[in-house]
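Residue-level structure breakdown
Here are the chains, one letter per residue:
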Amino acid sequence: MNKITILGSGTSTGVPILGCKCQVCQSNDIRNKRYRTSAVLELTNGKKILIDASPDLRTQLLQNQIHQLDAVIITHDHADHTHGMDDLRPFGFKLKKALPVYSSHQAAKDLRRKFPYIFDRQNYFSDKAILGGGIPLLDQCPIEEGHFEIFGTEFEFFFLPHGHEETVGLKHGKMAYIVDCREIPKNIIDRLFNAKLEVLVIDCLRPTPHQTHLHLDLTLQYIDQIRPKIALLTHMGHEWDYLELTNELRRRGVKNTFPATDGASYLYS
Ligand SMILES: [Zn+2]
Ligand SMILES: [Zn+2]
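So, a few notes on the structure that sits alongside this text. (Residues numbered from 1 in each chain as written. Chains lettered and ligands numbered in written order. Predicted model: local features only at pLDDT ≥ 70, side-chain atom pairs only at ≥ 80, totals over all residues. Heavy atoms only, no water.)

1. Description of the coordination of the zinc ion (ligand 2)
Cys20 (SG), Cys22 (SG), Cys25 (SG) and His238 (ND1) make up the full set of protein donors to the zinc ion (ligand 2), lying at 2.0 to 2.3 Å. Here the zinc ion (ligand 2) binds four donor atoms, and the angle range of 104 to 115° at the metal identifies the geometry as tetrahedral. Linear spacing of the donor residues for the zinc ion (ligand 2) on their chain is C-x1-C-x2-C-x212-H. For cysteine 20, a relative accessible area of 18% corresponds to the buried category. (Donors = N, O, S within 2.8 Å, 3.2 Å for Na, K, Ca; no water. Tetrahedral: all angles 85-135°; square planar, octahedral: opposite > 155°, others 65-115°. Buried < 20%, exposed > 50% of the residue type's maximum accessible area, 1.4 Å probe, protein only.)

2. So, the sheet that holds strand β1 (residues 2-8)
In space, the seven strands of this open sheet follow the order β6-β5-β4-β3-β2-β1-β14, with mixed pairing throughout. On the outer flanks of this sheet lie β6 (138-143) and β14 (265-268), each paired with one strand and no other. Looking at each pair of strands side by side, their axes are set apart by 25° on average, direction ignored. Pairing of strand β3 (residues 48-51) with strand β4 (residues 71-73) involves three bridges; the strand directions are parallel. The partner of leucine 50 across the bridge, within β4, is valine 72. (Pairing = 2+ DSSP bridges. Helix = DSSP H or I, 4+ residues; strand = E, 2+ residues; numbered from the N terminus. Axes fitted to C-alpha atoms, helices over the stretch in contact; angles between N-to-C directions.)

3. A few points about the sheet that holds strand β8 (residues 153-162)
Overall, mixed pairing links the seven strands, which are arranged β7-β8-β9-β10-β11-β12-β13 in an open sheet. The open sheet is flanked by β7 (146-150) and β13 (257-259), the only strands paired with a single partner. The mean inter-strand angle of the sheet, taken between neighbouring strand axes irrespective of direction, is 25°. As defined by bridge partners, strand β9 (residues 165-172) adjoins strand β10 (residues 175-178) across three bridges and the pair is classed as antiparallel. When the sheet's bridge partners are listed, lysine 171 is paired in β10 with alanine 176. Sheet strands touched by helix α8 (residues 216-226): β11 (199-203), β12 (230-234) and β13. Its angle to β11, the strand with the most contacts, is close to 155°. (Contact = heavy atoms within 4.5 Å.)

4. Let's talk about the side chain of threonine 75
Summarising the element assignment, threonine 75 is placed in the loop between β4 and α2 (79-82). The exposure class of threonine 75 is buried, given its relative accessible area of 1%. Dropping the residues within four chain positions of it, threonine 75 is found in contact with Ile51, Asp52, His81, Glu166, Thr167, Val168 and Val179.

5. So, the pattern of salt bridges
Summed over all chains, the structure comprises 14 salt bridges. Taking the shortest distance from any N to any O, the salt bridge between arginine 252 and aspartate 217 comes out at 2.9 Å. Placement of arginine 252 in the loop between α9 (242-251) and β13 and of aspartate 217 in helix α8 is noted, with a sequence separation of 35 residues between them. Taking relative accessible area as the criterion, arginine 252 reaches 38% and is therefore assigned partly exposed. The network of salt bridges with shared partners includes Asp217, Glu248, Arg251 and Arg252. (Salt bridge = Lys/Arg side-chain N within 4 Å of Asp/Glu carboxyl O.)

In structure tokens:
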């Protein structure tokens, strides 16, 4: 079986939000502590693939005892999904070869602009030596929509609307991972339904509509159409108390859906 571990289930601020006195941010319930959204896939062949390099990355990898990574998928270039990029340095020390970083062509371009010392190192260090502790060894692998083989196993990537950006959604085996999107186009819903998913991780920012994210009613509508065995809500804000949201789901008669919790793992074929 493959395994997905949720490294973070929180929105861009994380939860608790610094300085916020709301009930969820002040809560002692560990299930209301959410790092920025990211996950790691452990394939049946032992390879580990990180989804997004959140600003909490170092802590997330330490807490989940992830000492090895073989590739990275970046869903889009927003800060909450990329600003932990420099924490990938130690994997370069160990591997002595670059980790592939998969993203859309647009995100690859934006990442070269944001992190020229990492992704445009030939130009950035053309007239100077790399001194000190070194830089993350990462190589960009821009992807198109469609099927793609990574470490001998098939991934499907699809692009989703997210404000001025597009987010890469992905399917691997019977698992799909969809974050930071305003809607899911009908043709993708149909493909995910036909895939008979065992695990769907899906954006659910808050109870009320948002310009660039899914909110509860829309998320549940998509879950109902895709019909995965289990759905995990992620990228959650401080509007969501774990227990209250769980009760709300049961009140609505939704049995297959749970708020994601940081550190939880799920197996899928
Ligand atoms: Zn985000
Ligand atoms: Zn709060």
